[in-house]
Amino acid sequence: MEQASGEVRAYHGRSFANGFPTLHSISSRLPMNEADIWRTAKEMIQQYGAEAQTRARHRAEKLLEYGFPDGAEEWTRVADAIAELNRKKPEAGEKVN
């Protein structure tokens, strides 16, 4: 999933430039549903490995800074999903499937 610097690509109806959503894609897209959150989390882990959660939280911060609170909330959910996917074992007393 590597891309050249400056390349813009589409993903789930969103445009990304250098791995970051473009302002156009943020302002003109539908909200991420639960499946999109988990799919994006998985792709972030595949692309960035151990840095995935940090990168997702950074995106959330930048989106909030640029005035996109809904996008920031979505990327916070992506970061939380990354943490859950990276969890090694269940908490004490936690039920598992």
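For clarity, every value in this text was computed on a predicted model and none was experimentally measured.

S.K.: Got a sec to walk through the confidence of the model for the protein chain? Specific residues and values, please.
M.R.: Parts of the prediction with low pLDDT should not have their coordinates interpreted in detail. Across the protein chain, the average pLDDT comes to 76, with 67% of residues at or above 70. For the stretch residues 1–16, pLDDT sits under 50, and the model shows 42 contacts to residues farther than four places along the chain or on other chains.

S.K.: So what's going on with the packing of helix α2 (residues 34–48) against helix α4 (residues 69–86)? Residues and values would help.
M.R.: Closest axis-to-axis distance for the α2/α4 pair is 8 Å, and the angle between their directions is 60°. For the element pair α2 / α4, the angle class is oblique. Pair α2 / α4 crosses with right-handed handedness. In this structure, α2 contributes Glu34, Ile37, Trp38, Thr40, Ala41, Lys42, Met44 and Ile45 to the contact, and α4 contributes Glu74, Trp75, Arg77, Val78, Ala81, Ile82, Glu84, Leu85 and Asn86. Among the residues forming the contact of α2 with α4, the class breakdown is ten nonpolar, two polar and five charged.

S.K.: How would you explain helix α3 (residues 52–65) if you had to name every residue and give the values?
M.R.: Across its 14 residues, α3 extends 20 Å between first and last C-alpha, which sits within 8% of the 20 Å expected from 1.5 Å per residue. Positioned one or two residues after α3, glycine 67 has a phi angle of 90°, which is positive.

S.K.: Which residues make up the nonpolar core, and what are the values?
M.R.: Met44, Ala56, Trp75, Val78 and Ile82 are the most contacted members of the largest nonpolar core, which totals 15 residues. When sequence neighbours within four positions are dropped, the list of residues in contact with valine 78 reads Met32, Ile37, Thr40, Ala41, Met44 and Ala56.

S.K.: I'd like a description of the pattern of salt bridges, backed by residues and values.
M.R.: Across all of its chains, the model carries six salt bridges by this definition. Among the ionic pairs, arginine 77 bridges to glutamate 34, the shortest N-O distance being 2.5 Å. Taken together, the residues arginine 77 in helix α4 and glutamate 34 in helix α2 connect sequence positions 43 residues apart. Look at arginine 77 and you get partly exposed, because its relative accessible area is 26%. Linking glutamate 51 and arginine 55 is a salt bridge whose minimum nitrogen-to-oxygen distance equals 3.4 Å. Using a relative accessible area of 48% as the deciding quantity, one classes glutamate 51 as partly exposed. Arginine 55 gets classed as partly exposed once you look at its relative accessible area, which sits at 34%.

S.K.: Break down the packing of α2 against α3 for me, citing the residues and quoting the values.
M.R.: The interhelical angle for the contact between α2 and α3, taken along N-to-C directions, is 120°, at an axis separation of 8 Å. Judged by the angle between their axes, α2 and α3 are oblique. Classified by chirality, the crossing of α3 by α2 is right-handed. Of α3, the residues touching α2 (which contributes Met44, Ile45 and Tyr48) are Ala52, Arg55, Ala56 and Arg59.

Analysis parameters
- Residues numbered from 1 in each chain as written.
- Predicted model: local features only at pLDDT ≥ 70, side-chain atom pairs only at ≥ 80, totals over all residues.
- Heavy atoms only, no water.
- pLDDT = per-residue confidence, 0-100.
- Contact = heavy atoms within 4.5 Å.
- Axes fitted to C-alpha atoms, helices over the stretch in contact; angles between N-to-C directions.
- Helix = DSSP H or I, 4+ residues; strand = E, 2+ residues; numbered from the N terminus.
- Parallel < 35°, antiparallel > 145°, perpendicular 65-115°, else oblique.
- Left-handed = near helix turned anticlockwise from the far one by under 90°.
- Nonpolar A, V, L, I, M, F, W, Y, C, P; charged D, E, K, R; others polar.
- Expected span 1.5 Å × (residues − 1).
- Core = buried A, V, L, I, M, F, W, Y, C linked by side-chain atoms within 4.5 Å.
- Buried < 20%, exposed > 50% of the residue type's maximum accessible area, 1.4 Å probe, protein only.
- Salt bridge = Lys/Arg side-chain N within 4 Å of Asp/Glu carboxyl O.

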